[in-house]
Amino acid sequence: MTTRRHWRRRISARYAETSPTIFLLLRRMRAPLIVLISIFSISVLGLKLIPPHISFFDAFYFMSYTATTIGYGELPQPFTGGQRLWVMATIYLTVIGWAYAIGSLLALLQDRTFRQAIALRRFNRTVARLREPFLLIAGYGQTGQLLGRALDSLGRRLVVLDASAERVDALDIDAYISDVPGLAGDAANPRTLDLAGLEHPCCEGVLALTDDDEVNLTIAMTAALIRPELTVVARTLSPAIEHRMRAFGSPTVVNPFDRFGDHVRLALHAPAAYQLMSWLVSGPGEELPEPGRAPVEGRWVVCGYGRFGHKIVEDLRADGLDVTIVDLRCDEPGVILGDASDPAVLEQTDLAEAVGFVAGTDNDTTNLSLIAAARRQNRGLFIAARQNRRASAPLFEAIGADWVLVAAEVVAREIYAQLSTPLLWRFLQDMPARGDAWAQQLLDRLEAHCGSRLGSVWKTTLTDAETPTLVPWLRGGDARLCELLRGPHDRDRPLAAVPLLVLRGDEAMLAPDDDTTLQSGDQIMFVGHPAARRALLDTTTNRATADYVLYDRTVPAGWLWQRLTRRVPHAG
């Protein structure tokens, strides 16, 4: 098996190095080149045979500067009439040959296959030259574009693979900080994934974000079999496909319908926790979202009983809520069959007594009309809607739905949270269990320290390499978290940062208090102002700053002044 894998990689490497461009060029230009060579050869031979005879070298020399239009006019002897007549014929013949060759070359340059071969060769060379970790994004639709821009802002390198050449061409005009190589191809083909850098030693993860669940499954399977150590994140809307994905390694599978249902349940029971979660995944610089109108318990009406409808009904019923289902095609028991925008069908739902309404079909026009019809019956309904196309966003905003599911945004935000700061994902997973009162207290604490805009989210690991100045302090056994968060210029003024999580082995401490004792190896996730992040970095790397912050001792910062005053930073 090792031999087969080694041979496969050798063939793969050889194919990657050998571009089809040169073969396509020779194949398309074979006839024009043969014509040119034939004309030149006949011209030289005829000039040699016409008396008075000249040497092959002189004939070749004359035809060379004549055919290339240089025209030195240097002749070994004056030509006779026969020689001049032959030269005139060969000149016109050569012009025809060059016109044929140049026309064939221009046609080749416009050929789609040749241009694709050139692009493939350029892409191969760009990916092969990458010397820093990169993520392979398979699927550059709305989700891929949102996630790509967010990851690029963090300095992450990307390689894009998509079936649409138009989306790949758009990479050249997108405002990315780093160059993003892109390839138009079938992501379900393992060979294409290989060309996109799956086996590149700097590839650190694969994101399967296409709109086809089967393609995403194939990508996850291929990555698990060829590079089992890679991080794999896949999008799917099907629980069956999700189960099959998890059979290959341990990929992170994101189902936006599942997440939306979880958000509904969280907002029903813990609106402050939902507000906190929405803020943390929105990205740095985003304003704290308004609390909004929280859904209330009671009967809900769900229109559209597809995959999204099944999931939302399942989540609502799991909370003990009564649900009325309306669908145009489903004839299952308990489902009202018909168009919910039809007044006769809408009357069967008794919408006036309902508290919530979900427009969950896969057609945006239908969902908008359903919302309008429902509001005519009950103005106080809590409205949740599914938006399928990006172009429909202004319409859903104008109609004023309380919640709008945009699957691409849900997937992009969740994957961003996992890849940008893995500890943030751990925090979001454990946070709902703490309750709504705890979440509200944390929100108030974040606003008091950091303001209404979300600051930077970063991780600090207490190790000898990353935080060398804290080593003696941690060894003392009484290293309290509040002491670390003192200002480097005024230790009585705390930093504008809030610790969200301390991870010690597998134990996670959420929103630790000021008296939490730190230990070597702890991972701490902070959220706060960028200036606080720089100040904390100064404390953990500058011994003079650490001495002041931790021990209230002012010592010279420079080596020379330390020697002159015979004072050195605290050594424990």
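Please refer to the structure placed before this passage.
Below: a short report on this structure.

Procedures and definitions
- Residues numbered from 1 in each chain as written.
- Predicted model: local features only at pLDDT ≥ 70, side-chain atom pairs only at ≥ 80, totals over all residues.
- Heavy atoms only, no water.
- Core = buried A, V, L, I, M, F, W, Y, C linked by side-chain atoms within 4.5 Å.
- Buried < 20%, exposed > 50% of the residue type's maximum accessible area, 1.4 Å probe, protein only.
- Helix = DSSP H or I, 4+ residues; strand = E, 2+ residues; numbered from the N terminus.
- Pairing = 2+ DSSP bridges.
- Axes fitted to C-alpha atoms, helices over the stretch in contact; angles between N-to-C directions.
- Contact = heavy atoms within 4.5 Å.
- Left-handed = near helix turned anticlockwise from the far one by under 90°.
- Expected span 1.5 Å × (residues − 1).

**Some remarks on the nonpolar core**
Then, number 1: Core analysis: the largest hydrophobic core is formed by 32 residues, its most contacted members being Leu 276, Phe 427, Leu 428, Met 431 and Leu 442.
Then, number 2: Within the residue set of this core, elements represented by two or more residues are helix 13 (271–280), helix 19 (422–430), helix 20 (436–450), strand 14 (497–504), strand 15 (507–510) and strand 16 (523–528).
Then, number 3: The dominant element in this core, judged by the number of residues it contributes, is helix 13, at six residues.
Then, number 4: Counting residues in hydrophobic clusters, the runner-up holds 31 residues, among them Leu 198, Cys 203, Ala 220 and Met 245.

**Quick word on the sheet that holds strand 16**
Then, number 1: With antiparallel pairing, the four strands of this open sheet are ordered in space as 13-16-14-15. One side of each edge strand has no neighbouring strand; the edge strands of this open sheet are strand 13 (456–461) and strand 15. Neighbour-to-neighbour, the strand axes of this sheet turn through a mean angle of 20 degrees, independent of strand direction.
Then, number 2: Against the sheet, helix 20 touches strand 14, strand 15 and strand 16, its axis set at about 130 degrees to strand 14.

**Some thoughts on the sheet that holds strand 4 (residues 203–208)**
Then, number 1: Taken in spatial order, the six strands make up an open sheet running 3-2-1-4-5-6, and their pairing is parallel. Edge positions in the sheet fall to strand 3 (182–184) and strand 6 (252–254), since each has one partner strand and no second. Averaged over all adjacent pairs, the angle separating strand axes in this sheet is 15 degrees, with direction ignored.
Then, number 2: Pairing analysis gives five bridges linking strand 1 (residues 134–138) to strand 4, with the strands arranged parallel. Pairing of Ile 137 across the sheet is with Leu 207, part of strand 4.
Then, number 3: Against the sheet, helix 7 (residues 142–153) touches strand 1, strand 2 (157–162), strand 4 and strand 5 (231–235), its axis set at about 165 degrees to strand 1.

**Brief notes about the packing of helix 7 against helix 18 (residues 407–420)**
Then, number 1: Relative to each other, helix 7 and helix 18 sit at 35 degrees, their axes nearing to 8 Å. For the crossing formed where helix 7 meets helix 18, the hand is right-handed. Along its contact with helix 7, which presents Gln 142, Thr 143, Leu 146, Leu 147, Ala 150 and Leu 151, the element helix 18 presents Ala 408, Glu 409, Val 411, Ala 412, Ile 415, Tyr 416 and Leu 419.

**Quick word on the environment of Asp 262**
Then, number 1: Note on placement: Asp 262 falls in helix 12 (residues 256–269).
Then, number 2: In this structure the C-alpha to C-alpha distance between Asp 262 and Leu 316, which are 54 residues apart in sequence, comes to 9.7 Å.

**As for helix 5 (residues 81–110)**
Then, number 1: Across its 30 residues, helix 5 extends 44 Å between first and last C-alpha, which sits within 8% of the 44 Å expected from 1.5 Å per residue.
Then, number 2: Where helix 5 is concerned, the buried positions are Gln 83, Val 87, Thr 90, Thr 94, Gly 97, Ala 101, Ser 104 and Leu 108.

**Topic: helix 14 (residues 307–318)**
Because each turn of an α-helix spans 3.6 residues, side chains separated by three or four positions in sequence point in the same direction.
Then, number 1: In a regular helix each residue adds 1.5 Å, so twelve residues correspond to 16 Å; helix 14 covers 17 Å between its end C-alpha atoms and thus fits that length.
Then, number 2: Its buried side turned inward, helix 14 meets helix 12, strand 7 (300–303), strand 8 (323–327), strand 10 (356–359), strand 11 (382–387) and strand 12 (403–406).
Then, number 3: Positive backbone phi, approximately 80 degrees, marks Gly 320, located one or two places after helix 14.

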